[in-house]
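Okay, here's what each chain looks like letter by letter:
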Amino acid sequence: MADSTSPDSAMSDADKIRAKRLAKLGGGSKTTSPPSAACTDSTAANTPMASKQEPARSPPTSKSEANPFPQLGMKEDTASGKAPVQIKIRPKPEAPRPRSRTRESESLNVWQDRNMRAIFRVTLREGERRDSHGHSVTFLASTKEDLEESSQPLLLDTEILEGAITEAASKAPGGKPFEYLLSCFKRVSRGLRTDRFDGDVDAKRNVLKEAQRLCMSYCIFAVTMPEMFGEEVSPVNPLVDHLLQEPESDNGICTDFLTEATNRMAEDDGMKEALIGAAEELSRRLVTLDLNANYRNHVVGLRNLLRFKEIAAAITESSMWAPKHLEPQDIETQTLLGPFFRLSPMQTAVAKNYFSAPKTRDRNFIANAQNALRMTLREHQDQLSLLADTIVRSSPAARERLLDWFALCVNKNHKKRAMRVDYKTVSSDGFMINVTNVLDRLCDPFIDAQFGKIEKIDVDYLRRQPRVDIGEETKINADQKTSDAFYEKKADGASNFISEIFFLTVAAHHYGTEAAQERHSTMKKSVKRYEQDLVQMEGERGKYAGDPRYLARFEQAVSKYKEQIDDTWSMIHATYGVLCDDVSQARSMQFMRYVIVWILRLASGQNLPKEALKLPLPEQQPEVFRCLPEYFLEDIVDNFKFIVGNIPHIITPQQSEEILQICVTFLRNTEYVKNPGVKSGLVTILFYGIQPYSRSSSRGVLSDLLIGSSFAHKHLLRALMKFYIEAESTGTHTQFYDKYNIRFEIFQVIKCIWVNTLYRENLAKEAAANTDFFVQFVNMILNDVTFVLDESLSAFTKIHDLTVELAGPEFAAMNDEQKKERTELLEDQKGKAKSYMGLTRESMETLILFTEALPEAFTMSQVVQRLADMLGYNLDYLVGDRRKGLRIANPEEYKFDPKALLQDLVKVYLNLSTKSRFVDAIARDGRSYKPANFAEAARIMTQKVYMAPEEIHGWNKLGDRVAARCLEIAQEEEDFGEPPDEFTDPLMAILMSDPVVLPASKQVVDRATIQSHLLNDPTDPFNRAPLKLEDVVPDVELKRRIDGWKLERLDAIRAEKAAAVAIAAGAGVGQEAMDTTLG
């Protein structure tokens, strides 16, 4: 046998390959090796396509030729008598031949075998462990046995590939058949991409495509039927681990794989289920992570799936997508998108990471941490936006299901805006803010500066089976019955995508961003209470100092309470950092511009913004506007209140115009809005807008607009005055305090715009044209000034009296409980004085401002007597005998300056001093008017206040006029005497001049009396029945009798005076004659 063996067969395969490689290095023969010798080795190539090489030399036929080393330049043993083989150096070719070309004589079967072994890293040689590149190979014993039994060559081809794949995957390293098959798929995909084939290109490409197809099929099997490879069914989808890796890494899910998977989905339900399952598993794994962890690969994994429209549409069909049975708190953990939107710096663990030991940190640290968390959140929200946008663009069905998920988020979270929120039963603020942010971004395509697509927002959307549930929402200006009747009338047609996303975004703002702002405010109040409680707890430490056991428990409780306080502060800083993201809020502002213009279009019926807004609004309110959810206006108010108050620099001039329009419109037409809180919020926006927002600016972001806008000139002052009146009764349990806050803010806005004289001119015209309205406004100013002055001065008197008492012997004789009671009463009065003194200064400033501009309005018959009485009472308090009670220690602590207050009162007197009706009213003040008070006030102003000489002169002149008029009135009253009871007003006990009958009680009172009463109380003073001034009936007969009585009295007085004069004259003449006679 040995003798008959040829030299080729005598050499081992390894020797042959080594010889051929060495021969190539030394210069090759033109003879090529047989195909069987060249390609049966599995190590011939590591990639699907073997590189094209130089033709190999044929095996040596002599001993000398069998030794390759002479060709490498080594000396041959000369004993053989053979001349050494010369090495021929070929010139370097101009361009190297492509390495990817195969051997020219290689058959398709051999090429196929070589590439299949390289792709699947398998071998049919039992002893072979690694290929030529060092990769481990798997011996396919069963496949080899099958080939031998069927007497086929030991070559791999597509005919037997399925069995080979099954066997190889069953022996996959680590028992991971999917990972093995995925790597095979990626290798065959790379081979297809190289596109470098010789010979029958189509046949070779078809081979690789079939290998790719089988790889994908068995990848699906590995996911859906792992038992096929001897694996137990795993609860974990094997796709997930690979989706979490870089797509182009060895084990990552690449684009080619997903492309092939997408192509298979139509014909293979298993692929669709596998991909949906992978997305679901990604979501479930992300539930356990937060922004502190490595979460990004989960987001990238889902994004890579969603890049393919078919996969995106399939994922939205998941049972986890938007199950309707979920509770609000479970949406962010049990829906497919929930865990992705849940990630936020407002999660407790993340907030604590950014703001550790928050009470020890300075402002710079907190500001830097907030900047850092905003950058992180922006990056994440960018990714969330990409996910949502990809789904929207994938298919109409997927887009509809995404809208369903957003609707689930807002509809399930109505309780987030309840009076008292149980935050364990609603979605988290961070989750809802992310939902709101993504919806804002989805609105970007139709939010243009020219409002070109605003007409596409369908006003009848809420009457067409809307996704947004508004059934239990409070409406802008309609009760539940009216609203239900309106929405029962269904509109025809279908809603477009713009309308769907618009209404969802408005709702998301209400339950997302605005709810978070509300909670931020609540947390700030709560943490202050916690800190006060902690101080009290610390004060009780001494009770437990004697018992180590109780002391340890006490320390544990204190430590836990401190931790709770720290956590709350961390959440406060994190929430504020998120809410003050100027990029997110600027986008929100752009959306709110659209909401403002859309609502104004709805309410006014005008084609805004193409037309200029005209006020007042129509008396007949559009039904569609009245039945809108109240949060349409509430969102605007809350959004702009926060932005104007915290980050006003992001507001653009165009946005300022719309802010002004919405505020003025619904303050000018307050009857359009039911909720006083919304209307007061409009005032707050204007108030925040005039506050300086930087050290370099003395004006607010809205100041210049309020001063210079022609729209504001026409409507702003009237709107503010109207709500000033309406704020008297807000209908809430805190209305007493609310009205002073509202009026304080209104007056600050008025002071800001008062520099423009055009406002004053318009105000005078309005006052002349609408007297009743101005009487109401003036009356409210008087009410406020009267109340706060009385409360302030009374509080100072009590402080004085209590201070004297606590320093005296009587206090020393009291028991501890009595002492505590009196001390607490003193502190209560001090707090009261501080509070009311601030209101007093503002109220007096208001009074001075308006009495100077509109003295006629303050001297009308309905109000002038009340004004004079109020001024006289407080003047007597400041300069009369009671002023001793105003001497208190540290008046500056309360910002109490009696001299400045006296000066304010005098200014009001002087503003009205030219009006004879005002002089008459002062003279008729029988309770407080004293000529000595005018003289004392003049002395104080001259010696201590240092008012201008002309002002003091005017004051003295007024005092003289009042004194003279007082004498005249006294003489008139003496002359008239007591009028009959039937002519006397039952409330004021004065002679009536214009008697009227009250329709409900049938009582007769003077018209001026009931006018003054109705300014503060719209009821009959005798039986509390509702009453309007136009309802009273003039008592013509009684007036005739009163006038007749007055004429009779005047005639009698004249007759008495004439007789007296005559008697006096006669007595004088007679006396003179008598004297003469006597003389």
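Here the structure is a predicted model, which is why all the values come from computation and not from measurement. (Residues numbered from 1 in each chain as written. Predicted model: local features only at pLDDT ≥ 70, side-chain atom pairs only at ≥ 80, totals over all residues. Heavy atoms only, no water.)

**Here's the deal with the overall build of the chain**
- If you tally the helices and strands in the chain, you get 44 helices and five strands.
- Across the chain, contacts joining residues at least 24 apart in sequence account for 75% of those joining residues at least 6 apart.
- Accessible surface computed for the chain: about 53000 Å², of which carbon and sulfur atoms make up 51%. (Helix = DSSP H or I, 4+ residues; strand = E, 2+ residues; numbered from the N terminus. Contact = heavy atoms within 4.5 Å. Areas by Shrake-Rupley, 256 points an atom, 1.4 Å probe, with all protein chains shown as cover.)

**A look at the packing of aromatic side chains**
- Scanning all chains against the criterion turns up 46 aromatic pairs.
- When the centroid spacing of 4.9 Å and the interplanar angle of 25 degrees are considered together, the rings of phenylalanine 451 and tyrosine 594 count as stacked. Within this pair, whereas phenylalanine 451 is found in the loop between α20 (429-443) and α21 (480-488), its partner tyrosine 594 is found in helix α25 (residues 582-604), the two being separated by 143 residues in sequence. The same class applies to phenylalanine 451 as to tyrosine 594, namely buried.
- Through successive ring pairs, a cluster of aromatic residues spans Tyr461, Phe502, Phe503, Tyr511, Phe591, Trp598, Tyr631 and Phe632. (Phe/Tyr/Trp six-rings, centres within 6.5 Å; stacked < 30°, edge-to-face > 60°. Buried < 20%, exposed > 50% of the residue type's maximum accessible area, 1.4 Å probe, protein only.)

**As for the sheet that holds strand β4 (residues 1004-1006)**
- Taking strand neighbours across the sheet as the criterion, the three strands line up as β4-β3-β5 in an open arrangement whose pairing is antiparallel. Edge strands, defined here as strands with exactly one partner in the open sheet, are β4 and β5 (1033-1034). (Pairing = 2+ DSSP bridges.)

**So, helix α13 (residues 296-306)**
- Of all the eleven residues making up α13, eight are buried; the element is thus mostly covered by neighbouring parts of the structure.
- Those residues of α13 that sit buried are Asn297, His298, Val299, Gly301, Leu302, Asn304, Leu305 and Leu306.
- On its buried face, α13 is in contact with α10 (238-243), α11 (255-265), α12 (269-286), α14 (309-315), α16 (338-342) and α18 (363-394).

**Considerations on unusual backbone geometry**
- Residues leucine 608 and proline 609 are joined by a peptide bond in cis, for which omega reads 0 degrees.
- Here proline 609 is to be found in the loop between α25 and α26 (623-626).
- The omega torsion of the bond from leucine 615 to proline 616 falls at 5 degrees, within 30 degrees of zero and hence cis.
- By the element assignment, proline 616 lies in the loop between α25 and α26.
- Phi is positive for alanine 357, which is not a glycine, with a value near 45 degrees.

**Considering the nonpolar core**
- Among the nonpolar cores identified, the biggest contains 284 residues, and Phe120, Phe257 and Phe666 are the most heavily contacted of them.
- The biggest single contributor to this core is helix α34 (residues 771-807), with 15 residues.
- What phenylalanine 257 contacts, discounting residues up to four positions off in sequence, is Phe178, Leu182, Phe185, Met216, Cys219 and Leu239.
- Counting residues in hydrophobic clusters, the runner-up holds seven residues, among them Leu998, Val1005, Leu1014 and Leu1027. (Core = buried A, V, L, I, M, F, W, Y, C linked by side-chain atoms within 4.5 Å.)

**Remarks on the packing of helix α31 (residues 710-726) against α34**
- At a minimum axis distance of 9 Å, the contact between α31 and α34 shows a crossing angle of 55 degrees. Comparing the axis directions of α31 and α34 gives the class oblique. α31 and α34 meet at a crossing whose hand is left-handed. Here Arg718, Met721, Lys722, Tyr724 and Ile725 of α31 come into contact with α34, specifically with Phe773, Phe774, Gln776, Phe777, Met780, Ile781 and Asp784.
- When grouped by side-chain class, the residues that make up the contact of α31 with α34 number eight nonpolar, one polar and three charged. (Axes fitted to C-alpha atoms, helices over the stretch in contact; angles between N-to-C directions. Parallel < 35°, antiparallel > 145°, perpendicular 65-115°, else oblique. Left-handed = near helix turned anticlockwise from the far one by under 90°. Nonpolar A, V, L, I, M, F, W, Y, C, P; charged D, E, K, R; others polar.)

**Looking at the state of the cysteines**
- Under the definition given, this model contains zero disulfides.
- Residue cysteine 184 stays outside any disulfide, its sulfur separated by 5.3 Å from that of cysteine 215, the closest cysteine. (Disulfide = S-S within 2.5 Å.)

**Some remarks on α18**
- Helix length check: α18 (32 residues) gives 46 Å between terminal C-alpha atoms against 46 Å at 1.5 Å per residue, within 8%.
- The N-cap residue of α18 is aspartate 362: its side-chain oxygen and the backbone nitrogen of asparagine 364 are 3.3 Å apart. (Expected span 1.5 Å × (residues − 1). Polar contact = N/O pair within 3.5 Å; in protein donor to acceptor, adjacent residues only side chain to side chain.)

**Structural notes on a nonpolar patch on the surface**
- Nonpolar side chains collect at one region of the surface, where Leu987, Met988, Ile990 and Phe1022 lie side by side and expose about 360 Å² of accessible area between them.
- With respect to the secondary-structure elements, isoleucine 990 resides in the loop between α42 (949-976) and β3 (995-997).
- Since its relative accessible area comes to 43%, isoleucine 990 is described here as partly exposed. (Patch = residues over 30% accessible without salt bridge, like charges linked within 9 Å, V, L, I, M, F, W, Y side chains within 5 Å. Salt bridge = Lys/Arg side-chain N within 4 Å of Asp/Glu carboxyl O.)

**Observations regarding the pattern of salt bridges**
- One pass over the structure, following the stated rule, counts 61 salt bridges.
- Two residues, aspartate 1043 and lysine 1039, come together in a salt bridge whose shortest N-O distance is 3.4 Å. In this pair, aspartate 1043 and lysine 1039 are both assigned in helix α44 (residues 1036-1078), four residues apart and thus about one turn of the helix distant.
- In this structure aspartate 1043 comes out as partly exposed when scored by relative accessible area, which is 28%.
- Because the salt bridges share partners, they merge into one network encompassing Asp241, Glu281, Arg284 and Arg285.

**Section: the packing of helix α5 (residues 108-120) against helix α8 (residues 177-194)**
- Running from N to C, α5 and α8 cross one another at 135 degrees; their axes reach a closest spacing of 8 Å. Classified by the angle between their axes, α5 and α8 sit oblique to one another. Between α5, through Ala118, Ile119 and Phe120, and α8, the contact on the second element is made entirely by Tyr180, Cys184, Arg187 and Val188.
- In terms of residue class, the contact of α5 with α8 is built from six nonpolar, no polar and one charged.

**Some words on a positive patch on the surface**
- A cluster of like positive charges, contributed by Lys884, Arg887, Lys899 and Lys944, occupies part of the molecular surface.
- Tracing the sequence through the fold places lysine 944 in helix α41 (residues 931-945). (Lys, Arg positive; Asp, Glu negative; His and termini not counted. Charge placed at Lys NZ, Arg CZ, Asp CG, Glu CD.)

**Overview of a negative patch on the surface**
- A cluster of acidic residues, Glu145, Asp146, Glu148 and Glu149, forms a negative patch on the protein surface.
- Looking at the element boundaries, glutamate 145 is found in helix α6 (residues 141-149).

**Some details on the side chain of lysine 416**
- Position of lysine 416 relative to the elements: it lies in the loop between α19 (396-411) and α20.
- Here serine 427 takes part through its backbone oxygen, which lies 3.0 Å from a polar atom of the side chain of lysine 416.
- Engagement of the side chain of lysine 416 in a polar contact is seen with the side chain of aspartate 429, the distance being 2.8 Å.

**Focus on the environment of alanine 351**
- With respect to the helices, strands and loops of the structure, alanine 351 is situated in helix α17 (residues 348-354).
- With near-sequence residues (within four places) excluded, alanine 351 lies in contact with Pro345, Ser570, Met571 and Ala574.

**Observations concerning the confidence of the model for the chain**
- Across the chain, the average pLDDT comes to 86, with 89% of residues at 70 or higher.
- For residues 1-102, every residue scores under 50 in pLDDT, and the model assigns this stretch 128 contacts once sequence neighbours within four places are set aside.
- Low pLDDT (under 50) marks residues 1070-1079, which in the prediction has zero contacts with non-local residues, meaning those over four places away or in another chain. (pLDDT = per-residue confidence, 0-100.)

**Looking at the environment of serine 150**
- Residue position: serine 150 is located in the loop between α6 and α7 (161-170).
- Owing to a relative accessible area of 36%, serine 150 belongs among the partly exposed residues under this scheme.

**With respect to the environment of alanine 169**
- For alanine 169, the location among the structural elements is in helix α7.
- Note on alanine 169: relative accessible area 2%, which makes it buried.
- Alanine 169 sits 60 residues away from phenylalanine 229 along the chain, and the two C-alpha atoms are 6.5 Å apart.

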